[in-house]
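Here is what each chain is made of, one letter per residue.
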Amino acid sequence: MDFKIIDEAVEKLNNERKLTAADQKAKAVASCVADALIDFCRQSDVFARAVVAGGSFEECCKKIMEKSGNAISDFEVYSRAVRHYLPSATVQFEMKIQTAGTAAPTAPADNVISLSFADFF
């Protein structure tokens, strides 16, 4: 893993996360999108390299919100953000609920409820 390029991508996103010439829709998603993209960069130096070489974060946020109408799902926001920097990439979503206050599980997954978004389609 190329940690230098990851650090460079994280620095770029942090430096560009405050939008100056974007509309309210783009500004509304900027913080959460920057956080998610930073997490993605830490997962993949290939993606981090695409962020460093790609356009500005402000352009990304504007593009995400194009043709979004009055509403857009979080999943679509993150998918569009990733495709802005790496058009061939896909994002897989998974949610896990870990219950609190339960007795120590006998197996690691005893107190975890795992849902895949594919289960809802």
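Our subject is the structure that appears above.
On a predicted model such as this, the values are computed, not experimentally measured, just so you know.

A.B. asks: Before we go on, may I ask you to explain the side chain of K12 in this structure?
C.D. replies: Relative to the helices and strands, K12 resides in helix α1 (residues 3-16). We note that K12 is buried and unpaired, the nearest opposite charge coming from E16 at a distance of 4.6 Å. A polar atom in the side chain of K12 sits 3.0 Å from the backbone oxygen of G54. Not counting residues within four places of it along the chain, the set of residues in contact with K12 comprises V51, V52, G54 and G55.

A.B. asks: Got a minute to help me understand the pattern of salt bridges in this structure?
C.D. replies: Scanning all chains against the criterion turns up 5 salt bridges. Between D2 and R49 there is a salt bridge; the shortest N-O distance is 3.1 Å. Of this pair, D2 sits in the segment before α1 while R49 sits in helix α3 (residues 45-53), and the two are 47 residues apart along the sequence. Residue R49 is classed as partly exposed on the basis of its relative accessible area, which comes to 40%. E58 is paired through a salt bridge with K62; the nearest N and O atoms lie 3.8 Å apart. Remark: K62 and E58 occur in helix α4 (residues 57-65); sequence separation between them is 4 residues, near one turn of the helix. On the basis of relative accessibility, which here comes to 13%, the residue E58 falls in the buried class.

A.B. asks: Would you explain the packing of aromatic side chains in this entry?
C.D. replies: For any two aromatic rings, the description comes down to two numbers: the centre-to-centre distance and the angle of the planes. Under the criterion given, the structure shown has 3 aromatic pairs. Measuring from ring centre to ring centre gives 6.3 Å for F47 and Y85, while their planes differ by 90 degrees; the resulting arrangement is edge-to-face. Residue F47 is located in helix α3, and its partner Y85 is located in helix α5 (residues 74-85); the two are separated by 38 residues in the primary sequence. Just as F47 is buried, Y85 falls in that class too. With a centroid separation of 4.9 Å and 65 degrees between ring planes, the pair formed by F75 and F93 is classed as edge-to-face. Of this pair, F75 sits in helix α5 while F93 is found in the loop between α5 and β1 (94-98), placing the two residues 18 residues apart along the sequence. Given a relative accessible area of 23%, F93 falls into the partly exposed group.

How each quantity is defined
Residues numbered from 1 in each chain as written. Predicted model: local features only at pLDDT ≥ 70, side-chain atom pairs only at ≥ 80, totals over all residues. Heavy atoms only, no water. Helix = DSSP H or I, 4+ residues; strand = E, 2+ residues; numbered from the N terminus. Buried < 20%, exposed > 50% of the residue type's maximum accessible area, 1.4 Å probe, protein only. Lys, Arg positive; Asp, Glu negative; His and termini not counted. Salt bridge = Lys/Arg side-chain N within 4 Å of Asp/Glu carboxyl O. Polar contact = N/O pair within 3.5 Å; in protein donor to acceptor, adjacent residues only side chain to side chain. Contact = heavy atoms within 4.5 Å. Phe/Tyr/Trp six-rings, centres within 6.5 Å; stacked < 30°, edge-to-face > 60°.

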